[in-house]
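Working through the structure, step by step
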Amino acid sequence: MRSAQRPVSSNPVVFSPYDYQVHEDPYPVYARLRADAPLYRNDEQDFWALSRHADVTAAFRDPGRFSSANGVSLDPAAWGPQASRTMSFLALDPPRHTRMRALVSKGFTPRRVRGLAGGIRALARRHLAAALRQDTFDFVGDFAGRLPMDVISELIGVPEADRAELRRLADTVVHREDGLFDVPQAGMDAALTLVGYYAGMLADRRRGAAGPPDDLTCALLAAGIDGDRLTDDEIIGFLFLLVVAGNETTTKLLGNAAYWGWRNPDQLAKPMNDPARVGAWVEETLRYDASSQIIARTVAEDFTSHGQTVPAGQRLLLLIGSANRDAAAFADPDRYDLDRDTSALISFGAGRHYCLGASLARLEAQIALTEFARAVARYEIDEARAERVHSVNVRGFAALPMTVQVR
Ligand code: HEM
């Protein structure tokens, strides 16, 4: 049925998340995977992969069979039973995951996220005003890359004076050298410095030293369920997880929105002419080109699908980017269309590990792009100088130079 949609190639499909051609455009190989190898095996890199929307969604919803205990990233430094030391509850299964997420959710509430709107708008305006003072600027380096870490700092109560340095450290943590697919030494060092900073901040709060009275850090210290509380190590681990999970993904979402809007001027005209349509710009970008493309799981028990059995212990990739382009879930999926129903998008995962920061990411993107559309009448991207990140799971731009005409 699916393969009837296009001719089946006689060559078996090959998929490597390390392939630069895949980073350039993964969607043709995803289409082949969905059609010809919906449960794909890569012997050389020792992983399996699911690519259809129904399969990816079902796996996200089944933490009993698809475990997060070895982490969720292919990066060798992030994979293994020690993953929760750097990835906190992202790399835990129930019941440990359930306990920690419940405690953290006492502090990370929808009300707290909504309360950040004014601060996000002020930050967006400040970074945008500085960018627009130049004829040509880098949408990622000068704007989209500055916002998310500053928002996380605001959320957890980092003093203004320290925020630029924390942004620099966070950038170093996630930066990958071309051709190198593991965490470089500078990234390890920056991670240690960041963890040390958070440890100091927590110790200050415990001593009652001055800080914003109602920040997330204080709320996490106070959070308790039936006498159970988070330890300092758990809080520090969670603060670090926010940096890893909430920073680059949001930056890349903004860059992808600017890029695909520019490539599709008839669609871009909608939010540029009517701020009420910015939400649709955000949602369709999340679906069309998700910034988090691949999440890994460990198969906890033998699992059979599409006529093959994956033995327990094997690594299984859930291809979010592919699921979002599955014609079984979205009509004409390769069209960037701000009028479509995007409710089935899987960009924030599903089930128990569903992105804790999804509403914050949406709020940030909504505000940042609204401010951009208010200030800018039209823009041109210098595609020849745009640079993609080469990451196994994050998709988006490291640099997106543009020339703008302000309103
Ligand atoms: C466009 C931006 C974002 C995308 C695409 C994204 C994507 C995801 C995905 C796919 C997961 C599920 C991982 C899994 O199932 O293993 C996840 C989990 C998570 N995200 Fe996000 N995220 C974004 C922004 C954020 C932000 C802004 C924050 C917080 C500041 C955040 C915090 C988290 C946390 C804490 C988890 C772990 C949840 C758990 O394991 O229970 N994310 N994110």
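Bear in mind the structure is a predicted one, so any value in this text is a computation, not a measurement. Sequence positions are assigned chain by chain, starting from 1 and proceeding in written order. Local features in this predicted model are restricted to residues whose pLDDT is 70 or higher, and side-chain atom pairs enter the listing and the counts only when it is 80 or higher, whereas totals over whole chains, interfaces and linings include all residues. Hydrogens and water molecules were not included; the side-chain quantities draw on all heavy atoms of the structure.

**Comments concerning the site of the ligand**
- By convention in this text, a residue qualifies as near a molecule or strand provided that one of its non-hydrogen atoms is within 4 Å of it. As a matter of local geometry, the ligand sits amid 28 residues, with His97, Arg101, Arg297, His353 and Cys355 nearest to it.
- Within the side chain of Arg297, a nitrogen or oxygen atom sits 2.7 Å from an oxygen atom of the ligand.
- We define a polar contact as two N or O atoms separated by no more than 3.5 Å, with the added condition that, inside protein, one atom must be a possible hydrogen donor and the other a possible acceptor, whereas residues neighbouring each other in sequence contribute only through side-chain atom pairs. Contacts to the ligand include His353, whose side-chain N or O atom sits 2.6 Å from an oxygen atom.
- We count a stretch as a helix when DSSP gives it H or I for four or more residues in a row; a strand needs E for two or more, and each element gets its number in order from the N terminus. Taken together, the elements giving at least two residues each to the shell around the ligand come down to α5 (96–107), α13 (232–246), α14 (248–263), β7 (294–299) and α18 (358–375).
- In terms of residue count, the dominant contributor to the shell around the ligand is α13 (4 residues).
- Each residue gets one of three labels, nonpolar for Ala, Val, Leu, Ile, Met, Phe, Trp, Tyr, Cys and Pro, charged for Asp, Glu, Lys and Arg, and polar for the others, Gly among them. The residue inventory of the shell around the ligand, partitioned by class, reads 15 nonpolar, 10 polar and 3 charged.

**Some remarks on the confidence of the model for the chain**
- Summary of the metric used: pLDDT quantifies the predictor's per-residue confidence within the range 0 to 100. Mean pLDDT over the chain works out to 93, with 95% of the residues at or above the 70 mark.
- Throughout, a residue-residue contact means that at least one pair of heavy atoms, one from each residue, lies within 4.5 Å. Predicted confidence is poor over residues 1–7, with pLDDT under 50, and the contacts of this stretch with residues over four places away or in other chains come to 9 contacts.

**Section: helix α9 (residues 147–156)**
- Taking burial as the measure, the 10 residues of α9 include 9 buried ones, the bulk of the element.
- When a residue's accessible area, from a 1.4 Å probe over protein chains only, is under 20% of the maximum for its type it is buried; when over 50% it is exposed; and in between it is partly exposed. For α9, the complete set of buried residues consists of Leu147, Pro148, Met149, Asp150, Val151, Ile152, Ser153, Leu155 and Ile156.
- One or two residues past the end of α9 sits Gly157, with phi positive at roughly 90 degrees.

**Focus on empty space enclosed by the protein**
- Using protein atoms alone on a 1 Å grid, points that fit a 1.4 Å probe yet trap it form a cavity, whereas open point sets bounded by protein on both sides within 12 Å along at least five of seven lines form a pocket; residues with an atom within 4 Å of a point count as lining. Grid points are joined across faces, edges and corners, and a volume is the space filled by probe spheres set on the points. Applying the stated rule across the entire model yields 1 cavity of 30 Å³ or more.
- Approximately 130 Å³ is the volume found for the largest cavity.
- Here the lining of the largest cavity is composed, by residue class, of 9 nonpolar, 5 polar and 2 charged.

**Digging into the layout of surface pockets**
- Here the second largest pocket is characterised by a volume of approximately 230 Å³.
- Lining the second largest pocket we find Thr109, Arg111, Arg112, Gly115, Leu116, Glu154, Leu155, Asp214 and Asp215.
- Across the lining of the second largest pocket, the residue classes tally to 2 nonpolar, 2 polar and 5 charged.

**Some points on the coordination of the iron atom of the ligand**
- Among all protein atoms, only Cys355 (SG) binds the iron atom of the ligand, sitting 2.3 Å from it.
- Along the chain, Cys355 turns up in the loop between α17 (320–323) and α18. Donor atoms (N, O, S) are those found within 2.8 Å of the metal centre, with the cutoff raised to 3.2 Å for Na, K and Ca; water is not part of the atom list, so apparent gaps in a site can occur.

**Re the sheet that holds strand β14 (residues 401–406)**
- A pair of strands is considered paired only if DSSP assigns at least 2 bridges between the two. Strands sit in the order β4-β14-β11 across an open sheet of 3 strands; the sheet is antiparallel. The outermost strands of the open sheet, each flanked by one partner alone, are β4 (136–138) and β11 (376–381). When strand polarity is set aside, the average angle formed by the axes of neighbouring strands in this sheet is 40 degrees.
- By the bridge criterion, 5 bridges tie β11 to β14 in an arrangement that is antiparallel. Residue Val376 lies in a different strand from β14, and its bridge partner there is Val406. Every angle, taken between N-to-C directions, lies between 0 and 180 degrees, and every axis is a line fitted to C-alpha atoms, over only the stretch in contact when it is a helix.

**Comments concerning the nonpolar core**
- Throughout this description, the term nonpolar core refers to a set of buried Ala, Val, Leu, Ile, Met, Phe, Trp, Tyr and Cys residues connected via side-chain atoms within 4.5 Å. Phe139, Ile156, Tyr198, Phe238, Trp281 and Tyr379 are the most contacted members of the largest nonpolar core, which has 85 residues in total.
- Take this core: its biggest share by element is 9 residues, from α18.
- Tyr198 has contacts with Met149, Ile156, Val158, Leu166, Ile236, Leu239, Phe240 and Val243, leaving out every residue within four places of it along the chain.
- Judged by nonpolar contacts, the second largest core, of 19 residues, contains Leu39, Trp48, Ala323 and Ile346.

**Remarks on the packing of aromatic side chains**
- Put simply, two rings from Phe, Tyr or Trp (the six-membered ring, in Trp's case) pair if the centres are within 6.5 Å, and we call them stacked under 30 degrees between planes, edge-to-face over 60, tilted for the rest. In this structure the tally under the stated criterion is 18 aromatic pairs.
- With centroids separated by 6.2 Å and ring planes inclined at 45 degrees, the aromatic side chains of Tyr259 and Trp262 adopt a geometry described as tilted. Separated by 3 residues within a single helix, Tyr259 and Trp262 lie in helix α14, roughly one turn from each other. By the burial criterion, Tyr259 is buried, and Trp262 matches it.
- Ring plane angle 65 degrees and centroid distance 6.3 Å describe the contact between Phe348 and Tyr354, whose orientation is recorded as edge-to-face.

**Details of α13**
- Residue count minus one, scaled by 1.5 Å, sets the expected span of a helix. The terminal C-alpha atoms of α13 lie 21 Å apart, and with 15 residues this matches the ideal 21 Å at 1.5 Å per residue to within 8%.
- Among the residues of α13, Ile235, Ile236, Gly237, Phe238, Leu239, Phe240, Leu241, Leu242 and Val243 are the ones counted as buried.
- Residues of α13 that are buried sit in contact with α4 (84–87), α5, α9, α10 (160–174), α11 (185–206) and α12 (216–222).

**Notes on the environment of Thr403**
- Here Thr403 lies in strand β14.
- Among the residues examined, Thr403 registers a relative accessible area of 41% and is labelled partly exposed.
- Spatially, the C-alpha atom of Thr403 lies 22 Å from that of Thr250, the residues being 153 residues apart in sequence.
- Here Thr403 is in contact with Asp135, Thr136, Arg378, Tyr379 and Glu380, once residues within four sequence places are set aside.

**Considering the pairing of strand β1 (residues 39–42)**
- Pairing between β1 and strand β2 (residues 47–50): 4 bridges, direction antiparallel. From the neighbouring strand, Arg41 faces β2, where its bridge partner is Trp48.

**Topic: the pattern of salt bridges**
- The salt bridge criterion pairs a side-chain nitrogen of Lys or Arg with a carboxyl oxygen of Asp or Glu, the two atoms within 4 Å. Applying the stated criterion across every chain yields a total of 29 salt bridges.
- A salt bridge links Glu24 to Arg388; the nearest nitrogen and oxygen atoms lie 4.0 Å apart. A residue pair is termed long-range when its members are at least 10 positions apart, and Glu24 in helix α1 (residues 20–24) and Arg388 in strand β12 (residues 387–388) qualify at 364 residues.
- The exposure class assigned to Arg388 is buried, which follows from its relative accessible area of 12%.
- One salt bridge in this structure joins Glu284 and Arg287, with 2.8 Å as the shortest N-O distance. A residue pair is termed a helical-turn pair when its members lie 3 or 4 positions apart in one helix, as Glu284 and Arg287 do in helix α16 (residues 278–288) at 3 residues. Like Glu284, the residue Arg287 is buried in the burial classification.

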